[in-house]
Amino acid sequence: MCTVVHSDDRRLRRVEPQWDVAVIGAGPGGLAAAHAAASAGARTIVLERAEHPRYKTCGGGLIGTSLAVAAPLIAVPARDTVAAVTFTENGRRAFTRRSPGRPVLTMVRRDDFDFAWYGAALAAGAEVRQHAQVRALDQDAGAATVTLADGETITARVVIGADGSAGISSRHVGVTFDQQDLGLEVEVAATDADRAAYRGRVLLDWGPVPGSYGWVFPKDDELTVGVIMEKGRGAETKKYLADFLNRLGLADRRVVRDSGHLTRCRRADAPLRRGRVLVVGDAAGLLEPWTREGISYALRSGTWAGEVAARAQNPAELAEYDQRVARELAPEMAAGRRLLRVFARHPRLLHTVFATPMGWRLFESFCRGELSLAALVGRAPIRTAVNLLGGRAQAVGGPARSVGGRAQA
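To start, this report covers the structure provided alongside it. This one's a predicted model, so the numbers in the text were calculated from it and none came from an experiment.

Bringing the overall build of the protein into the picture now. In terms of regular secondary structure, the protein is built from 13 helices and 20 strands. Relative to its length of 409 residues, the protein is compact, with a C-alpha radius of gyration of 22 Å against a globular reference of 22 Å. When the backbone C-alpha atoms are referred to their principal axes, the protein occupies close to 80 × 45 × 40 Å. Relative to its full complement of 409 residues, the protein shows a buried share of 56%. If you take every contact in the protein between residues at least 6 apart in sequence, the share linking residues at least 24 apart comes to 75%. For the protein, the exposed surface amounts to about 16600 Å²; the carbon and sulfur share of it is 52%. Between the centroid of the 55 positive side chains of the protein and the centroid of its 44 negative side chains there is a distance of 6 Å.

Turning our eyes to something else, we now look at the sheet that holds strand β18 (residues 255-266). Judged by pairing direction, the sheet is mixed, and its seven strands sit side by side in the order β8-β7-β15-β16-β17-β14-β18 without closing on themselves. Looking at the sheet topology across the chains shown, the edges are occupied by β8 (92-98) and β18. This sheet shows a mean twist of 15° between the axes of neighbouring strands, independent of strand direction. As defined by bridge partners, strand β7 (residues 84-89) adjoins strand β15 (residues 201-206) across six bridges and the pair is classed as parallel. Counted as the bridge partner of T88 is D205 from β15. Against the sheet, helix α6 (residues 234-247) touches β14 (177-189), β15, β16 (213-219) and β17 (222-230), its axis set at about 145° to β17. Where helix α10 (residues 347-354) meets the sheet, it contacts β7, β8 and β15, and its direction lies at approximately 35° from that of β8.

Turning to helix α13 (residues 380-390), a few remarks are in order. Within the span of α13, buried status applies to V386, N387 and G390. Projected down its long axis, α13 carries its buried residues within an arc of 105°, all on one side. Exposed side of α13, more than 90 degrees from the buried face: P381 and L388 are the residues found there. Close packing links the buried residues of α13 with α9 (330-345).

Turning next to the environment of N246. Within the element layout of this structure, N246 appears in helix α6. For N246 and T191, which are 55 residues apart along the polypeptide, the C-alpha to C-alpha distance reads 16 Å.

Here we take up the nonpolar core. In a soluble, globular protein the nonpolar side chains are often hidden away together inside. In terms of nonpolar packing, the biggest core is built from 69 residues, with F113, W117, V146, V159, I160 and Y321 touching the most fellow members. For this core, the element with the highest residue contribution is helix α7 (residues 295-311), accounting for eight residues. Excluding anything up to four places from it in sequence, W117 contacts L31, A32, H35, V69, A70, L73, I74 and L299. Membership of the second largest hydrophobic core comes to 33 residues, among which are F87, V104, V202 and F217.

Turning next to the packing of helix α1 (residues 28-39) against helix α3 (residues 110-124). Between α1 and α3, whose axes approach to 8 Å, the crossing angle comes to 15°. By the angle between their directions, the pair α1 and α3 is classed as roughly parallel. Viewed along their axes, α1 and α3 form a crossing whose handedness is left-handed. Listed contacts from α3 to P28, L31, A32, A34, H35, A38 and S39 of α1 are R110, F113, D114, W117, Y118, A120, A121 and A124. For the contact of α1 with α3, the class distribution of residues is 11 nonpolar, two polar and two charged.

What counts, and where the lines are drawn
Residues numbered from 1 in each chain as written. Predicted model: local features only at pLDDT ≥ 70, side-chain atom pairs only at ≥ 80, totals over all residues. Heavy atoms only, no water. Helix = DSSP H or I, 4+ residues; strand = E, 2+ residues; numbered from the N terminus. Rg over C-alpha atoms; globule rule 2.2 N^0.38 Å. Buried < 20%, exposed > 50% of the residue type's maximum accessible area, 1.4 Å probe, protein only. Contact = heavy atoms within 4.5 Å. Areas by Shrake-Rupley, 256 points an atom, 1.4 Å probe, with all protein chains shown as cover. Lys, Arg positive; Asp, Glu negative; His and termini not counted. Charge placed at Lys NZ, Arg CZ, Asp CG, Glu CD. Pairing = 2+ DSSP bridges. Axes fitted to C-alpha atoms, helices over the stretch in contact; angles between N-to-C directions. Arc of directions from axis to C-beta. Core = buried A, V, L, I, M, F, W, Y, C linked by side-chain atoms within 4.5 Å. Parallel < 35°, antiparallel > 145°, perpendicular 65-115°, else oblique. Left-handed = near helix turned anticlockwise from the far one by under 90°. Nonpolar A, V, L, I, M, F, W, Y, C, P; charged D, E, K, R; others polar.

On their own, these measurements won't tell you what the molecule is for.
The following block contains the structure:
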């Protein structure tokens, strides 16, 4: 909170906040926000509870939209580039499609990727304080105050929350969610045969429960193997992962890391800010509901929040951030919800569509960032098919109905 002190002549004066922008969390969203704010000349501090480089549960697949934000600012630490995708339906009806030209996905490990953004934020002039656990967040008319575990307080004109959907900033803003999913993931040491089999190729499996799926992502000497399913099906999720590993002949590989995480997707009418506090990425519940891709949402929302926060002199000016998200991300999420409904009801039909030349071209275009889901669903033939197969969508901005599992690519 903004502190009031007595001056020597006993008149009251207001102490300016220590920082223009304070960012809670140093993942891609928080560091993109810090980079944008510091690049615009704002006094910027990032508060991270861990220490970079640190592991983060994540498939680590970068689509073209993520690369468009990241590539001009960092050296993307690619572990592989993907030009082939194998699709299966719960282990059956396998087929592989290849893109002989440009890759469709870039694979990164999140410790590498986040560490590259950490360096970029520092180079832009931000201060990154690690081992800084946030315990409380408050605000008044003049500033927002972050209280750390050791009792230290940090004051800033604007706080950007990037500490995840269960973080303190999300609770402070009052973000509400209409989807929650459990993702289980293992990083396994790849044998020479594994590396040869999966180099330049990912595997996507449509799972046994509506809305669920599994993946194998190559990371040079490791494979990331994971599954996602709606929250409340823990036993089924664990069985799916075990069956998946067994089916692929990977159950006996050395496990480098084993983790689980909950992903949460925001309600369409959930707030994105409260007073001087904005939330981005997972803290705002910003991810695409069908593919569960979240990195591009974190990078874009973080960048916009940093730009807006750097120039805003009062909370009312932060509304520009809400408007940008509503204009550019909300339509994508609405389209993803509609496609998820179709996928949950008709997984075999979509599996068949991906096997067609047109279906593969659309998948390539989406992965490369050339075609948004909103533009895809907006095409007349596809819009008609989605309406028939998945039910008509509610108006953008209204409450959205949860269908089942969602996760992050």
